[in-house]
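Summary of structural features
For reference, the chains in residue letters:
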Amino acid sequence: MDPFESIKATFFQECEELLTDMESGLLAMEQGDDDSETINAVFRAVHSVKGGAGAFGLEELIRFAHVFETVLDEMRSGKLHLTDEVAKVLLRASDVLADHVAAARSGGQVDEGRTVGMIADLQGLIDQDRAAELGLNEDGDSGAVEEDFGFVPVVLSLDEPAADAPEVDVAALMAAAAPPPEAPAAAPAWRVTFRPKAEMYAKANEAALVLRELARLGDVEVALDAGAVPPLDQLSAEQAYLTWTVRLSGDKSEAEVREVFEFVEDDCDLEVTREGEAATEASEPDIAADDDASASAVEAAAGAPLDLDALLARVAAPTEEPAPAAAPAPAPVAAAPPAAPAQDPASLDVAGLIALAEKASQDHAQTQAAPPKADPKADQKAEARAAAGPATAATPTIRVDLDRVDRLINAVGELVIQQAMLSQRVFESGLARSSDVALGLEDLELLTREIQDSVMAIRAQPVKSVFQRMPRLVREVADMVGKKVRLVMDGENTEVDKTVIERLSDPITHMLRNAIDHGLETPEEREAGGKGAEGTVRLAALHRGGRIVIEVQDDGRGINRPRVRGIAMAKGLIAEDAVLSDDEIDNLIFLPGFSTADVVSDISGRGVGMDVVKRSIQALGGRISITSEPGKGSKFSMSLPLTLAVLDGMVVSAADQTLVAPLSNIVESLTPRAEDVHLIGGRDAVICIRDTFVPLIDVGVALGFRDTPLPPASGVAVLVESEGGGKAALLVEAIQGQRQVVIKSLEANYQHIHGVAAATILGDGRVALILDVDALVTTSRRKAPRIEKRMAV
Amino acid sequence: MTDTVTQGVAQRRELIAFRIGDQEFCVDIMSVREIRGWAPATPLPRTPSFVKGVINLRGAVLPIIDLGARLGLNTSEPTARHVIMVVHIGERTIGLLVDAVSDIINMSDDLVQPTPDVASDQVKTFVKGLFALDGRMVSLIALDRVLPETEAEAA
């Protein structure tokens, strides 16, 4: 990937994070949180998106972000108050912004009508004057507006790690928000005096960039006052000596002019005054260069560290050729980075700028007389790098390819096994436990465990990243079907392997759509039914049984069982006289070809039924189930494996085999007494545990390792609870102990085996199978014909 | 004549020959990853008798197929003298239990004769062809059929 592209990719990754921040802030605001910190956080997110977009010239994105940002700024300044209405518009605006980012990323198009409508809505929030001015920005020379942000944000991003960055924005944006003192048309020319202070350079801002930006607003004439530059022997590399006077013609408002200086305002002396034509002509200095030349001169200046020739020339003849000769003055500031970066938080970027400076200085050396134009590409890269920099500097995270993490996890998994094998060998060799070798091994074991835990933590991530996409979906679906929906989310911090997270999105989306479209009633129906007009959909994640369970629960009408039954019959899915429990009827909706919606709707009826959802979940090794109560709502639960490689298990033996039962399934273990075991119908055994009868499953028989069951009294019963809450007792010969095991897939090289969840490798290097408790329990309940359970009492 | 030669050169390949009982078989050397001694396998529930179980191959779970049983030959319990050929079949890696690896054969495809009709269905399924080598008969195994078809689908 070429470096620019990779920087761009980083930008989009950051955009995702920013959009997430923005949305959580907006959701808090929707709940009535009008704390200024929340609003600031949202503002910052939008602003940073805009800023980054500027570096890449994503004009559509910038334009929309700008309007959005303006509204938020109104809120920050207290001109616009938070109401439900405002929060809703902002939330929708955040969706549109996300669309823009997505479109910019994929190079696709955004729905123009929607954008325009959204801009109109946003502007509707702003008072009349402000709206008018915005309109000007929008409809007028949009290029200028976009260009503004084309690189000013670069300045911001270098600044941003400092906590005071937002304050800078506030001031500037307040200025921008203030109505222009005079109608722009009446002010054909502005006289801008710009005197940067040393602090501005120290923050890696460049006068050249600001001036070039100013040039984009209209015709400019730039004059440099280098009078303050001291003789060489008194020249301090850390000081700023230059002042520029710019005459800007064009019908721009003062606010627009000031906006250019938005990010450097605090670090320079700035005067913006209107001037008459005559005065301008008169004061126009001879040394004024055209903006390009001037800009590049300054650029070269910034880039040319110790161009002694030019410097000497400058000292010798300070008035003869000011523009190019001025070069050295600001140069030391930019070129003294070895000293300067210490105070700059974004040292990475400084490094980039050093590189740029060096390049520019080389160029300069080659061309000496003519100030070189800095390589635009290098320039652009520096900007991009600058834009990409702050997040890296601000949050101590790194991005790593998932592949690399996977390789590490696999290697650590094998390390754990090898370590366990080694321990066992040493133990078997009869070395004393206090021997150096044994002690060293103990330390090794601790270390190994620690490494393993750390590595696992790398890939485990909270489901938050998926959950956070859902509020938007719910809003959109609710709008589409005209229902009022409140989304409640629980367990966002439940951690699950990254690979699983990626696969969660589709099923959750589908279940939410289904809950809103089919589960919830219309507001009128709800009120008629004595419920609030607003329906509640609850999305929750939790760990259960070594798996992650995602629940989608609504408080809607529940499953209409007679109707479901009717449809199933009409479609020939069940026999007319079938006797079905409520539970079985509920589960009919998972049958292929079943759809309860009378009209196939746009939302959940895209030809994808619950059967497809079920199949896709099963394909991931997951299960889905539904519970429903008429009039009260339904709950879908899906459980997916945490493909993470480790599991706490109880090592048991059955039929001479060593097996592992996931500890999370196990409730207790006990030694059954013969009189507690009873037969039902001569074959199926149940065991009475504290007056409750639960099925007793002989593991050795259930897995087909032997034909004759173990006499219950000679084994150990392990009481387990399955996913669906069903209990059963697994009869094994002995419990060997409890340990953490590394999950190894059987499917990778062989295939799925019913009743076996996976395999693992034990300390002796042999493979042991991990029991799929749910499958064993379910099998016993459904009585698969192949498995016969005969209990000999 | 030239054509034949070119063809022969183009389709020349190396095969690994191995023995099960008194019969000789071979597979393409490119699909063999390694050869190792027999180690007791962990049996898998509900599997056909020719699946001996799984072993630990440096952290990976490797299923072992008793090739003799798969071909319908009489086999005895594996001993330490038996060997496991670790082979790639498509995306998977499996171990084939055989009596001994005997030779590396360099030969061209045009010497392979189609399996005669006399062979039983079971053998025909797994044997791609036959050829003669120093008066012995060697059968070329079709590795992709060694795993039962239903299982391949299930994956």
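What you see is a predicted model; the values in this text were computed from it and never measured. (Residues numbered from 1 in each chain as written. Chains lettered and ligands numbered in written order. Predicted model: local features only at pLDDT ≥ 70, side-chain atom pairs only at ≥ 80, totals over all residues. Heavy atoms only, no water.)

Further remarks concern the sheet that holds strand E2 (residues 23–28) of chain B. Residues and elements named next belong to chain B. In spatial order, the strands read E8-E1-E2-E11-E10-E9; together these six strands make up an open sheet with mixed pairing. One side of each edge strand has no neighbouring strand; the edge strands of this open sheet are strand E8 (100–108) and strand E9 (113–114). As paired strands, strand E1 (residues 12–20) and E2 are joined by six bridges and run antiparallel to one another. Across the sheet, the residue bridging to Ala17 is Cys26, located in E2. (Pairing = 2+ DSSP bridges. Helix = DSSP H or I, 4+ residues; strand = E, 2+ residues; numbered from the N terminus.)

Time to look at the packing of aromatic side chains. Residues and elements named next belong to chain A. Summed over all chains, the structure comprises four aromatic pairs over all chains. Centre to centre, the rings of Phe11 and Phe12 are 5.1 Å apart; their planes meet at 50 degrees, and the pair counts as tilted. No difference in accessibility class separates Phe11 from Phe12, as the two residues are buried. Aromatic side chains Phe64 and Phe68 sit 6.2 Å apart centroid to centroid with 55 degrees between the ring planes, which places their arrangement in the tilted category. Taken together, the residues Phe64 and Phe68, both in helix H3 (residues 59–76) and four residues apart, mark about one turn of the helix. Look at Phe68 and you get buried, because its relative accessible area is 0%. (Phe/Tyr/Trp six-rings, centres within 6.5 Å; stacked < 30°, edge-to-face > 60°. Buried < 20%, exposed > 50% of the residue type's maximum accessible area, 1.4 Å probe, protein only.)

Looking now at the pattern of salt bridges. All names here are of chain A. Per the counting criterion, the structure on display carries 31 salt bridges over all chains. With its nearest N and O atoms 3.8 Å apart, the salt bridge here joins Arg538 to Glu551. With Arg538 in strand E8 (residues 534–544) and Glu551 in strand E9 (residues 547–554), this residue pair connects regions lying 13 residues apart in the sequence. Its relative accessible area of 26% is what places Arg538 among the partly exposed residues. Overall, Glu551 belongs to the buried group, its relative accessible area being 6%. Arg673 is the partner of Asp676 in a salt bridge, and the nearest nitrogen-oxygen pair spans 3.2 Å. (Salt bridge = Lys/Arg side-chain N within 4 Å of Asp/Glu carboxyl O.)

Often the size quoted for an interface is simply the accessible area lost on bringing the parts together. Chain B puts 23 residues into the contact, and the matching count from chain A is 25 residues. Interface area for chain B against chain A, summed over the two sides, is near 2100 Å², with a carbon-plus-sulfur share of 57%. Taken as a group, B:Pro45, B:Arg46 and B:Val61 account for 35% of the area that chain B buries against chain A, more than any other trio of residues on that side. Where chain B meets chain A, there are zero salt bridges. Here the side of chain B that touches chain A takes four residues from strand E4 (residues 51–57) of chain B, the largest share from any one element. By residue class, the composition of the side of chain B that touches chain A is 14 nonpolar, five polar and four charged. (Contact = heavy atoms within 4.5 Å. Buried area = accessible area lost by both parts, 1.4 Å probe. Nonpolar A, V, L, I, M, F, W, Y, C, P; charged D, E, K, R; others polar.)

Time to look at the packing of helix H4 (residues 84–106) of chain A against helix H5 (residues 112–125) of chain A. Residues and elements named next belong to chain A. At their nearest, the axes of H4 and H5 sit 10 Å apart, and the two run at 145 degrees to each other. Two packed elements cross with a definite hand, and for H4 against H5 that hand is left-handed. From H4, Val86, Val89, Leu90, Arg92, Ala93, Asp95, Val96, Asp99 and His100 reach across to H5, where they touch Arg114, Thr115, Met118, Asp121, Leu122 and Leu125. A breakdown of the residues in the contact of H4 with H5 according to their chemical character gives eight nonpolar, two polar and five charged. (Axes fitted to C-alpha atoms, helices over the stretch in contact; angles between N-to-C directions. Left-handed = near helix turned anticlockwise from the far one by under 90°.)

In this section: the sheet that holds strand E6 (residues 83–89) of chain B. Residues and elements named next belong to chain B. Spatially, five strands are ordered E3-E6-E7-E5-E4 in an open sheet, and the strand pairing comes out mixed. Two strands bound the open sheet, and with one partner strand each, they are strand E3 (32–37) and E4. This sheet shows a mean twist of 30 degrees between the axes of neighbouring strands, independent of strand direction.

Below, the discussion takes up the pairing of E8(A). Residue and element names in this part refer to chain A. Sheet analysis places strand E6 (residues 484–490) next to E8, joined by seven bridges and oriented parallel. Among the inter-strand pairings, Leu487 is bridged to a residue of E8, identified as Val537. Here E8 pairs with E9 via eight bridges, running antiparallel. Paired with Arg538 across the two strands is Gln553, which belongs to E9.

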